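Analysis of the macromolecular model
Below, each chain spelled out in residue letters.
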Amino acid sequence: MTAYEDDRQLFALMRAELFTAVVGDVLDAAGHTRQFLPPQLRALDPAMVVAGRAMPVLEADAHGEVVASSGRSQPFGLMFEALDALKPGEVYITTGASPTYALWGELMSTRAMQLGAAGAVLDGYSRDTKGILHLGFPTFSCGSYAQDQRVRGRVIDYGCPLEFGNGVVVEPGDIVFGDIDGVVIIPRRDERAIIDAALDKVRGENRVRDAIEGGMSTVEAFNSFGIM
């Protein structure tokens, strides 16, 4: 069992040693076969890696700013409250909107960084791409699109379970892990076993790579290590 005392150490270890493919393989082997978010969610910069606890945010389409139940203008709904609720090491992760406007931008990234958040994962678009890339804030989205959500959508809840369109369920506090190959969700209840197994697997793969580079055949390597 790999030693880590807190989330800060855990996420640093994940960023240093793990990648989503090996975590996905381990999740499959453990019976968690639906943990990758939709494949169109990609890092704004291929070098970006996100590892943190899910702070789920539920979006919905809207027309205009007025909330019918109150008759008051409420641009963005609960988005500002959701953003301010982020804690160190958390990931702002959202779904529910149609892909017709941006769900994240530079100022939101600036505030999230100030709060110590680990990243943003958006089932939709982001904007202010140059600004976000300058900040280096890990942001995963369907791509860049400048159209604002102010009169088109709003946050209607946060800190709540989410279900993505491909059936992946994200609970508050689940681990969100993303890299160049996608974003995978590790259920909190099984995280220790999954992460330990993933670390064992990647370290085993490193031994296989060293053996092959040293001249061992693939047959010999598989017979010796049981990994390929």
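Residues numbered from 1 in each chain as written. Predicted model: local features only at pLDDT ≥ 70, side-chain atom pairs only at ≥ 80, totals over all residues. Heavy atoms only, no water.

In this section: the pattern of salt bridges. Within the structure shown, the criterion is met by 9 salt bridges. Measuring nitrogen to oxygen at the nearest pair gives 2.9 Å for the salt bridge that ties Asp84 to Arg111. Here the residue Asp84 occupies a position in helix H3 (residues 79–84), and Arg111 occupies one in helix H4 (residues 106–114), the gap between them amounting to 27 residues. For Asp84, a relative accessible area of 44% puts it in the partly exposed group. Among the residues examined, Arg111 registers a relative accessible area of 28% and is labelled partly exposed. We note a salt bridge from Arg189 to Asp190, for which the minimum N-O separation is 3.9 Å. Among the residues examined, Asp190 registers a relative accessible area of 27% and is labelled partly exposed. Taken together, the shared-partner salt bridges connect Asp7, Arg53 and Glu191 into one network. (Salt bridge = Lys/Arg side-chain N within 4 Å of Asp/Glu carboxyl O. Helix = DSSP H or I, 4+ residues; strand = E, 2+ residues; numbered from the N terminus. Buried < 20%, exposed > 50% of the residue type's maximum accessible area, 1.4 Å probe, protein only.)

Two numbers describe a pair of packed helices, the interaxial angle and the distance between the axes. Running from amino to carboxyl end, helix H2 (residues 20–29) crosses helix H6 (residues 191–213) at an angle of 125 degrees, the nearest separation of the two axes being 9 Å. Regarding the angle of H2 to H6, the classification is oblique. Like other packed secondary-structure pairs, H2 and H6 cross with a definite hand, here right-handed. Together, Val22, Val23, Asp25, Val26 and Leu27 of H2 and Ile194, Ala197, Ala198, Lys201, Val202 and Glu205 of H6 make up the contact between the two elements. Among the residues forming the contact of H2 with H6, the class breakdown is 8 nonpolar, no polar and 3 charged. (Axes fitted to C-alpha atoms, helices over the stretch in contact; angles between N-to-C directions. Parallel < 35°, antiparallel > 145°, perpendicular 65-115°, else oblique. Left-handed = near helix turned anticlockwise from the far one by under 90°. Contact = heavy atoms within 4.5 Å. Nonpolar A, V, L, I, M, F, W, Y, C, P; charged D, E, K, R; others polar.)

By convention here, two paired aromatic rings are described through the distance between centres and the angle between planes. Under the defined criterion, the tally for this structure stands at 4 aromatic pairs. Consider the rings of Tyr92 and Trp104, whose centres lie 4.8 Å apart with planes at 50 degrees: the pair is tilted. Of the two residues, Tyr92 sits in strand S5 (residues 90–95) while Trp104 sits in the loop between S5 and H4, which places them 12 residues apart along the sequence. On the basis of relative accessible area, Trp104 is assigned to the buried category, the value being 2%. Ring pairs connect the aromatic residues Tyr92, Trp104 and Phe137, which therefore count as one cluster. Cation over ring: Arg192 sits above Tyr4, and NZ or CZ is 4.0 Å from the ring centre. (Phe/Tyr/Trp six-rings, centres within 6.5 Å; stacked < 30°, edge-to-face > 60°. Lys NZ or Arg CZ within 6 Å of the ring centre and 35° of its normal.)

Our next topic: the side chain of Glu59. Along the polypeptide, Glu59 turns up in strand S2 (residues 50–61). One buried charged side chain, Glu59, makes no salt bridge at all; its nearest oppositely charged neighbour is Arg154, positioned 8.2 Å away. Sequence-distant contacts of Glu59, defined by excluding residues within four places in its chain, comprise Thr94, Thr95, Gly96, Ala97, Tyr101, Leu103, Gln149, Gly153, Arg154 and Val155. (Lys, Arg positive; Asp, Glu negative; His and termini not counted.)

For the rest of this paragraph, the subject is unusual backbone geometry. Within the chain, Phe76 stands out as a residue other than glycine whose phi angle is a positive 75 degrees. By secondary structure assignment, the location of Phe76 is in the loop between strand S4 (72–73) and H3. Exposure remark for Phe76: the relative accessible area of 11% places this residue in the buried category. A positive phi angle, near 55 degrees, is found at Asp128, a position not held by glycine.

Counting 41 residues, the largest nonpolar core has Leu37, Tyr92, Ile93, Trp104 and Val121 as the members making the most contacts within it. Looking at this core, the elements with two or more residues in it are S2, H3, S5, H4, strand S6 (119–122) and strand S12 (182–186). Element by element, the count of residues in this core is highest for S2, at 4 residues. Those residues within four positions of Val121 in sequence are excluded, and the remaining contacts are Leu37, Leu41, Val50, Val91, Tyr92, Ile93, Thr94, Phe140, Val176 and Val183. By size, the runner-up hydrophobic cluster in this structure holds 20 residues, among which are Leu10, Val23, Val184 and Leu199. (Core = buried A, V, L, I, M, F, W, Y, C linked by side-chain atoms within 4.5 Å.)

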